[in-house]
Amino acid sequence: MRRSAALATVLAMWLASPDAAPARRASPQGHVPSIYRIRVVVSTAAPFARVSLDDPAVMIEGRRTLSRGPGTVGVFDGFGGAVRVTGQGTGRRPSTAGFVVAVSPLGARRLRFVSAREGRGRIEVAVHNLNDTRPVPLASVVHRRGATHAFTVPLPKVTARGPAPRTAPLPPKTLAFYYAWYRGSDWIDGSKPTARYNVNPDPYDSADPRVIDRHFAQADVAKLDGFIVSWWGRDTPSDHNLPALLARVPKGFEIALYLEVQGHRFRTPADIIGELDYALDRYGSSPHYLRVGGRPVVYVYSSKAVLRGAGQAENPDYRLVWHEVVRGLRARGHRPVLIGDGTDPEDLSVFGGLHTYGTTLVSEEAELERRMALTARAYSAVHGGRRRIWASSVFPGYDDRHMRGPSRQYVPRDGGAFYAAQWWTAVAGDPDQVVVVSFNEWPETTNIEPNLEWQDHYLQLTAQWASRYRRSR
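As a convention, each chain's residues are numbered from 1 in the sequence order in which they are written. Restriction of local features to residues with pLDDT of at least 70 applies here, the model being predicted, together with a cutoff of 80 or more for giving and counting side-chain atom pairs; totals for whole chains, interfaces and linings are based on all residues. Hydrogens and water molecules were not included; the side-chain quantities draw on all heavy atoms of the structure.

Undergrad: How should I be thinking about the overall build of the chain in this particular structure?
TA: For the chain, the helix and strand inventory stands at ten helices and 21 strands. In this treatment the radius of gyration is a C-alpha quantity, and the globule benchmark scales as 2.2 Å times the residue count to the 0.38 power. A globule of 473 residues ought to have a C-alpha radius of gyration of about 23 Å, and the chain, at 24 Å, matches this closely. With the principal axes as the frame, the chain shows a C-alpha extent of 80 × 50 × 45 Å. With a 1.4 Å probe rolled over the protein chains alone, any residue whose accessible area is under 20% of its type maximum counts as buried; one over 50% counts as exposed, and the rest are partly exposed. Taken across its 473 residues, the chain has 57% of its residues classed as buried. The contact criterion used throughout is that any non-hydrogen atoms of two residues lie within 4.5 Å. Sequence separation of 24 or more characterises 76% of the internal contacts of the chain that already satisfy a separation of 6 or more. A total of about 19,800 Å² of accessible surface is found on the chain, and carbon and sulfur atoms cover 50% of it. Asp and Glu count as negative and Lys and Arg as positive, but His and the ends of the chain are not part of the count. Positions of charges follow a simple convention, taking NZ of Lys, CZ of Arg, CG of Asp or CD of Glu. Across the chain, the centroid of the 61 positively charged side chains sits 11 Å from that of the 45 negatively charged ones. The numbering of helices and of strands both runs from the N terminus, where a helix is a DSSP run of H or I of at least 4 residues and a strand a run of E of at least 2. Residue burial considers only the protein chains on display, and all accessible areas are found by Shrake-Rupley using a 1.4 Å probe.

Here's what the structure looks like:
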């Protein structure tokens, strides 16, 4: 129920969309596109030059590695954009910039490059295959006349010695956000109110072993690989209940923490470091804890609002804060994979991956999913470090109209049609993970846990889509 403010904008955008919950007649393609690495060097005597790719091929991620000449500025535009060079080049001293770029053909049989310029002066473009450490020349062209000039590189030359390192798909995982915060009285005294139609047939206490066993059995029906468990810090109810949960995890199932960073235990960088040090020591060593590349994974809610209270604006220095947290954890011997909250690729410079709690405008989701999945896979091939992760979010519906406060948002489930549309878009984007919002967040009515009305319908839908997601690889 503390999600209402965070989801309000997302849900309002969805409700205003003319194509909300569109019909999906096609099926996601069972193919994950490969990613290749090239080097592009642009020298120009013109004031401005840019080199781009024609559809369907796309430049995913890039990094400038060379800048030479008077006033030279080299910039990568971002996903789907171009490399740009500006400067005060002359015929004798051109402006030169070099880039490492990750690209994907996305069905193209050759890469078609287009150079463009403003003003007078020629452009020279050199392209190399950089899938391995040794660059191999692919093309060297000169653009002398006209505003634009096109040239192509055969795809076999681009794909040779590839794909690029650290870009392979990861084994797909379907996880669900899980809340171990319920007391038996919550279902009676209104501490955690629920919609009138969202009736729990068996109100429970989250510490009850019988309830924990039932939830793991239901997770098995839904073909979930793990729970992302809401955690508010040491000596909180979520912390008290976590050992009971970990003690009963079945073989093959995994648990990760969801750091509720706006809680009172996380007021300073030192607080966050201390709390995570405690959690990773106590829980991260469990054989049931989720790991990627041998490192424990921690998801972070509202990571951009770190050191701010619930519902407050983004902290403009949030990346600096998280860099400090990462350094502090390393000093204590911890190297967790932190999964931040958001869709800004620049956040991959500090986080090991990204997710969102909820989704965006439906008409934009397909492109967003493709962009984030490809960027996460390409990032380390361009910038170095470990493989980054993109976790795609799906939710079955939402209703907080029974709760106090200004939000009052409602997204109908339409018998599961909305959930299916969410899943279709997520799977089509080829994410590393799909995260379900949620297993049991009853106050916001995102629970797939059975109620009296829909019973196990959403467990079964989750199982169908989780199976389809696995087959997509």
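Undergrad: Honestly, helix H9 (residues 417–428) in this entry has me stumped. Any pointers?
TA: Residues lying three or four places apart along an α-helix face the same way, a consequence of the helix completing one turn every 3.6 residues. In a helix, the anticipated span is given by 1.5 Å times the number of residues less one. The first and last C-alpha atoms of H9 sit 16 Å apart over twelve residues, in line with the 16 Å expected at 1.5 Å per residue. Most of H9 sits out of view: nine of its twelve residues are buried. Looking at the residues trailing H9, positive phi occurs at Asp430, about 60°.

Undergrad: Can you help me understand the nonpolar core in this one?
TA: Buried together is how nonpolar side chains tend to be arranged in soluble globular proteins. Residues grouped as a nonpolar core are buried Ala, Val, Leu, Ile, Met, Phe, Trp, Tyr and Cys residues, joined through side-chain atoms within 4.5 Å. Counting residues in hydrophobic clusters, the biggest one holds 93 residues, and the most contacted among them are Phe227, Trp322 and Trp423. Once you skip the residues sitting within four places of it in the chain, Trp423 turns out to touch Thr174, Val394, Val434, Val436, Thr462, Trp465, Ala466 and Tyr469. Listed in part, the 29 residues of the second largest apolar core include Phe99, Val101, Phe113 and Val127.

Undergrad: What is the right way to read the sheet that holds strand S4 (residues 73–76) from this model?
TA: Sheet strands line up and pair through hydrogen bonds in the backbone, either parallel or antiparallel. At least two bridges found by DSSP between two strands is the condition for calling them paired. Read from one edge to the other, the open sheet built from five strands follows the order S4-S5-S2-S7-S10, with strand pairing classed as antiparallel. What marks the edges here is a single partner per strand, and that holds for S4 and strand S10 (148–154). The average undirected angle you get between the axes of adjacent strands in this sheet is 15°. Judged from the seven bridges that link them, strand S7 (residues 110–118) and S10 form a sheet pairing that is antiparallel. Bridge assignment links Phe113 to a residue of S10, and that residue is Phe151. Axes here mean lines fitted to C-alpha atoms, for a helix over just the part in contact, with angles spanning 0 to 180 degrees between N-to-C directions.

Undergrad: Before we go on, may I ask you to explain the sheet that holds strand S3 (residues 58–68) in this structure?
TA: Spatially, S3-S6-S1-S8-S9 is the arrangement adopted by the five strands of the open sheet, whose pairing is antiparallel. Of all the strands in the sheet, the pair left with one neighbour each is S3 and strand S9 (136–143). Neighbour-to-neighbour, the strand axes of this sheet turn through a mean angle of 20°, independent of strand direction. Pairing analysis gives nine bridges linking strand S1 (residues 36–44) to strand S6 (residues 95–104), with the strands arranged antiparallel. Paired with Val40 across the bridge in S6 is Phe99.

Undergrad: Is there a simple way to think about unusual backbone geometry in this case?
TA: Glycine aside, a negative phi is what most residues show, and trans is what most peptide bonds show. Omega for the bond connecting Asp55 with Pro56 falls within 30 degrees of zero, at 0°, which places this linkage in the cis form. Mapped onto the elements of the fold, Pro56 is located in the loop between strand S2 (48–53) and S3. The peptide bond linking Gly162 to Pro163 adopts the cis configuration, its omega dihedral lying at 0°. Relative to the elements of secondary structure, Pro163 occurs in the loop between helix H2 (155–159) and strand S11 (173–178). We note that Leu106 has phi near 50°; this positive angle belongs to a residue other than glycine. Tracing the backbone shows Leu106 in the loop between S6 and S7. Residues other than glycine seldom take positive phi values, yet Ser302 does so here, at roughly 55°. Within the element layout of this structure, Ser302 appears in the loop between strand S15 (295–301) and helix H7 (318–331).

So yeah, pure geometry; function would need other evidence.
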